[in-house]
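Reading the structure
Letter by letter, the chains look like this.
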Amino acid sequence: MSGLSGHMVDKIEIKSDGDVFHEIFRYRPHHISNMSPGKIKGVDLHEGEWGTVGSVICWKYVHDGKENVAKDIIEAVDEEKRSVTFKVIEGDVMELYKTFKATVHVDTKGENNLVTWTFDYEKMNEDVPDPNTLIEFCLNLTKDIETHHLQN
């Protein structure tokens, strides 16, 4: 791996149902704007069907105080591991990174559900920071989704 390539992993425990959480990111990402309106402004399906590999989804989100757009292709879905991998193909993230993939997956151990976010990326140049604020955004988004589900 060159100095421009990176791999970042962070985890957060949730009390809400792990299957429901996986289902939201696979089949119902367009509902996330209702669960976290301060972060996600909208999610639209551009090609394919919700939850299927090869489908293209456009996210409108607020990160670091500004509105951003990310067009993703669903690259992989693993029902057994309850994971979804999104590959960013257009948008604000691509101004800083040559490649950017985000995987969200849920592990259940007894009563506990652990949501893991994994980023694999290649920076445009050495001046580009690691996506620390973006992984923090995803962890906070996870908390918002959990709060929404615990309230309902």
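Residue indices follow the written sequence of each chain, beginning from 1 at its first position. For a predicted model such as this one, the threshold for reporting local features is a pLDDT of at least 70, and the threshold for listing and counting side-chain atom pairs is 80 or more; totals across whole chains, interfaces and linings nevertheless cover every residue. Processing note: side-chain calculations cover all non-hydrogen atoms of the structure and skip hydrogens and water entirely.

Concerning the sheet that holds strand E3 (residues 56-63)
Read across the open sheet, the seven strands follow the order E1-E7-E6-E5-E4-E3-E2; overall the sheet is antiparallel. One side of each edge strand has no neighbouring strand; the edge strands of this open sheet are strand E1 (5-14) and strand E2 (40-47). With direction set aside, neighbouring strand axes in the sheet form an average angle of 25 degrees. For two strands to be treated as a pair, DSSP must find no fewer than two bridges joining them. Put simply, DSSP H or I for four residues or longer makes a helix, DSSP E for two residues or longer makes a strand, and each gets a number counted from the N terminus. As defined by bridge partners, strand E6 (residues 97-109) adjoins strand E7 (residues 112-123) across 12 bridges and the pair is classed as antiparallel. Counterpart to Thr103 in the pairing with E7 is Thr118. Across the face of the sheet, helix H3 (residues 132-151) comes into contact with E1, E2, E3, E6 and E7 while running at roughly 20 degrees to E1. Only the stretch in contact is used when fitting a helix axis, every axis being a line fitted to C-alpha atoms; angles between N-to-C directions are given from 0 to 180 degrees. Residue contacts follow a heavy-atom distance rule, with two residues in contact if any of their heavy atoms lie within 4.5 Å.

Notes on the packing of aromatic side chains
Two numbers describe a pair of aromatic rings. These are the distance of the centres and the angle of the planes. For Phe, Tyr and Trp, where Trp contributes only its six-membered ring, two rings pair if their centres lie within 6.5 Å, and the inter-plane angle classes them as stacked under 30 degrees, edge-to-face over 60, or tilted in between. What the rule picks out here adds up to nine aromatic pairs. With a centroid separation of 5.9 Å and an interplanar angle of 90 degrees, the aromatic rings of Trp59 and Phe86 are classed as edge-to-face. With a gap of 27 residues between them, Trp59 in strand E3 and Phe86 in strand E5 (residues 83-91) connect regions that are remote in the sequence. Summarising the burial analysis for this pair, Trp59 and Phe86 share the class buried. With centroids separated by 5.7 Å and ring planes inclined at 55 degrees, the aromatic side chains of Tyr61 and Phe137 adopt a geometry described as tilted. Taken as a pair, Tyr61 in strand E3 and Phe137 in helix H3 lie far apart in primary sequence, 76 residues in all. To sort residues, take the accessible area from a 1.4 Å probe on protein chains only and compare it with the maximum for the residue type: under 20% means buried, over 50% means exposed, and anything in between is partly exposed.

As far as function goes, none of this settles anything; it's purely spatial.
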